[in-house]
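Here are the chains, one letter per residue:
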Amino acid sequence: MKILVVGSGGREHALAWKIAQSKLVKKIFCAPGNGGISQLAECVDIKADDVPGLLDFARREKIDLTVAGPEAALVAGIVDEFSNYKLPVFGPRKRAAMLEESKAFAKQIMMHYHVPTAGFRVFVDLSEAKKYIGARGAPCVVKADGLAQGKGVIVAKSIQEANRAATAMIENRAFGDAGKRIIVEDCLVGQEASILCFTDSKVIVPLVTSQDHKRIFDNDLGPNTGGMGAYSPAPVVTKELFNEITQKVFSRMIAGLNAEGIEYRGILYAGIMLTKTGPQVLEFNVRFGDPETQAILPRLKTDLVEVMLAVVNQKLSRYPALEWDQRACVCVVCAAKGYPGEYTKDKEIFGLDEAAKLEDVMVFHSGTKKVGDKIVTSGGRVLGVTGLGATIKDAISKTYSAVNKISFEGMQYRRDIGRKAI
Ligand code: AMP
Ligand code: GLY
């Protein structure tokens with residue numbers, strides 16, 4: 001089979017790495033890819049949301065399966081467009097991708113089908129929003145409805161802060177059109193976990209649990225980022241909680257979507273807050289998480305391509321459960337100087353080969369490019385250094401021993417990834 005992976009981050013490197021292990025696969029392309037991905041796939045210079053460009057390429061190359069990494073491709077309708085030409089794509093159609101494209105849409109579906117989530121109201125009018133915020137008080141959470149690269153959520157400690165956030169979004173369009181509609185929701189407290197499942201709209205097959213680290217600095221301080229590291233499993237999610245989430249979140253959600261005439265096929269990602277009164281959904285994503293994928297896929301023993309084909313062809317009942325490596329996995333993100341603000345680029349990366357030589361270590365590239373025979377930085381998140389270990393503790397020490405072999409000017413990373421799990 002010929003596979004096309006769409007995207008250019010660490011998630012896509014992990015996907016391509018796992019796909020390359022499939023006995024079904026002869027050739028992998030990646031659009032646009034990065035310096036690391038180019039070691040196992042042929043990178044083609046087409047942007048992830050350029051659906052016409054991707055379609056041309058897939059038709060020309062007779063691609064057997066396309067795997068959409070980022071939401072941009074899905075929201076742009078890659079599945080709908082490719083399906084017109086009978087080209088299989090792993091991921092939901094545009095209408096189903098609305099779950100990530102519009103938080104208000106996701107909340108309405110959740111409310112209607114009794115999926116546990118924080119109480120909320122939707123606003124397009126700033127004075128209405130402020131009136132509500134004033135009446136309900138703080139803390140509260142103000143969210144831009146649309147896609148804002150993980151930056152459109154403000155957990156406000158005071159009414160003033162919430163009003164400022166609402167003004168920035170609705171009036172000043174701080175997130176462009178993504179913030180012309182906002183959500184004001186109740187503030188939840190608890191530990192967070194990421195739970196993902198495969199679904200073909202008939203059957204739900206959950207993946208192992210994981211936890212992301214969103215803040216830039218140790219001890220969850222500083223601004224939010226795309227994710228500075230992840231680990232799997234997340235021991236806070238007990239077996240009972242896991243079953244509760246499968247039932248109350250995924251089963252209800254998929255049944256609800258079916259009732260709305262929306263057939264969801266692909267991966268569904270739920271960001272969950274484990275509150276005192278039970279798990280509550282923070283958000284849905286219609287794709288794999290980044291960097292959760294880097295911590296999950298090294299544990300997957302089942303052939304990923306077989307599972308993806310089963311999802312696409314609605315034969316997922318053949319895979320009632322996936323086979324997992326019982327070891328723990330930790331991914332530490334090495335970021336460029338300045339990230340998540342303006343960051344430096346084009347810094348040569350040293351020690352990659354030495355790190356990769358360590359047993360049970362994978363170095364996934366997020367923002368790198370190949371220049372001659374050198375690998376240089378090209379993004380804010382640069383690498384996801386990943387290690388497996390018998391316990392979380394072992395995985396942590398394995399991963400950091402690999403991180404210690406790698407360097408580039410201004411490299412920053414958190415020293416506490418996975419510590420919460422010990
Ligand atoms: P989201 O993109 O909706 O997952 O929000 C990003 C982050 O904001 C989450 O990972 C949480 O840390 C935080 N957050 C979102 N919604 C809430 C909420 N209702 N209560 C408390 N924190 C929240
Ligand atoms: N790690 C969070 C996300 O992928 O959205």
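Conventions we followed
- Residues numbered from 1 in each chain as written.
- Chains lettered and ligands numbered in written order.
- Predicted model: local features only at pLDDT ≥ 70, side-chain atom pairs only at ≥ 80, totals over all residues.
- Heavy atoms only, no water.
- Near = heavy atom within 4 Å.
- Polar contact = N/O pair within 3.5 Å; in protein donor to acceptor, adjacent residues only side chain to side chain.
- Areas by Shrake-Rupley, 256 points an atom, 1.4 Å probe, with all protein chains shown as cover.
- Nonpolar A, V, L, I, M, F, W, Y, C, P; charged D, E, K, R; others polar.
- Helix = DSSP H or I, 4+ residues; strand = E, 2+ residues; numbered from the N terminus.
- Core = buried A, V, L, I, M, F, W, Y, C linked by side-chain atoms within 4.5 Å.
- Buried < 20%, exposed > 50% of the residue type's maximum accessible area, 1.4 Å probe, protein only.
- Contact = heavy atoms within 4.5 Å.
- Pairing = 2+ DSSP bridges.
- Axes fitted to C-alpha atoms, helices over the stretch in contact; angles between N-to-C directions.

*Asks:* So what exactly am I meant to see when it comes to the site of ligand 2 here?
*Replies:* Taken together, Asp212, Gly226, Tyr269, Asn285, Arg287, Gly289, Asp290, Pro291 and Glu292 make up all the residues around ligand 2. Measuring from a nitrogen atom of ligand 2, one finds a side-chain N or O atom of Glu292 at 2.8 Å. Protein chains shield 88% of the accessible area of ligand 2, which is 200 Å² for the free molecule. Each residue belonging to the shell around ligand 2 can be placed in one class, and the counts come to two nonpolar, three polar and four charged.

*Asks:* Is there a simple way to explain unusual backbone geometry in this structure?
*Replies:* Most of the time, phi is negative for any residue but glycine, and the peptide bond is trans. In this structure, Pro233 follows Ser232 across a cis peptide bond, with omega equal to 0°. With respect to the secondary-structure elements, Pro233 resides in the loop between strand E15 (229-232) and helix H9 (239-259). Cis geometry is found at the peptide bond from Tyr339 to Pro340, where omega equals 10°. Looking at where Pro340 falls in the secondary structure, it is placed in the loop between strand E18 (328-335) and helix H12 (352-357). Residue His114 is not a glycine yet carries a positive backbone phi of 60°. On the secondary structure map, His114 appears in the loop between helix H6 (103-112) and strand E6 (120-123). One non-glycine residue, Asp220, lies in the positive phi region at around 55°. Position of Asp220 relative to the elements: it lies in the loop between strand E13 (215-217) and strand E14 (221-224).

*Asks:* Where do I start with the nonpolar core in this structure?
*Replies:* Ile78, Leu99, Val249, Leu268, Phe284, Leu383 and Ile406 are the most contacted members of the largest nonpolar core, which has 79 residues in total. With seven residues, H9 is the largest single contributor of residues to this core. Setting aside anything within four residues of it in sequence, one finds Leu268 in contact with Leu99, Ile195, Leu196, Cys197, Phe250, Met253, Ile254, Phe284 and Asn285.

*Asks:* What should I look at first to understand the site of ligand 1 in this one?
*Replies:* Close to ligand 1 lie 14 residues, the nearest being Glu185, Asp186, Leu188, Glu192 and Glu283. Separating an oxygen atom of ligand 1 from a side-chain N or O atom of Lys103 is a distance of 3.3 Å. Between Leu282 and ligand 1, the recorded distance is 3.5 Å, taken from a backbone N or O atom to an oxygen atom. Residue assignment for the shell around ligand 1 shows that the elements contributing at least two residues are strand E7 (140-144), strand E8 (153-156), strand E9 (182-186) and strand E17 (278-285).

*Asks:* So what exactly am I meant to see when it comes to H6 here?
*Replies:* Think of an α-helix as 3.6 residues a turn; residues three or four steps apart then line up on the same face. Across the ten residues of H6, seven count as buried, placing the element largely inside the fold. Those residues of H6 that sit buried are Lys103, Ala104, Phe105, Ala106, Lys107, Ile109 and Met110. Immediately beyond the C-terminal end of H6, within one or two residues, lies His114, with a positive phi of roughly 60°.

*Asks:* Where do I start with the sheet that holds E8 in this structure?
*Replies:* What holds strands together in a sheet is hydrogen bonding between their backbones, with the strands either parallel or antiparallel. Spatially, four strands are ordered E6-E9-E7-E8 in an open sheet, and the strand pairing comes out antiparallel. Among the strands making up the open sheet, the edge pair consists of E6 and E8. Strand after strand, the sheet turns through a mean of 20° between neighbouring axes, direction not considered. Relative to E9, E7 is paired through five bridges, and the arrangement is antiparallel. Opposite Lys143, over in E9, you have Ile183 as the bridge partner. Here helix H7 (residues 126-136) sits on the sheet in contact with E6, E7 and E9, set at roughly 5° to E9.

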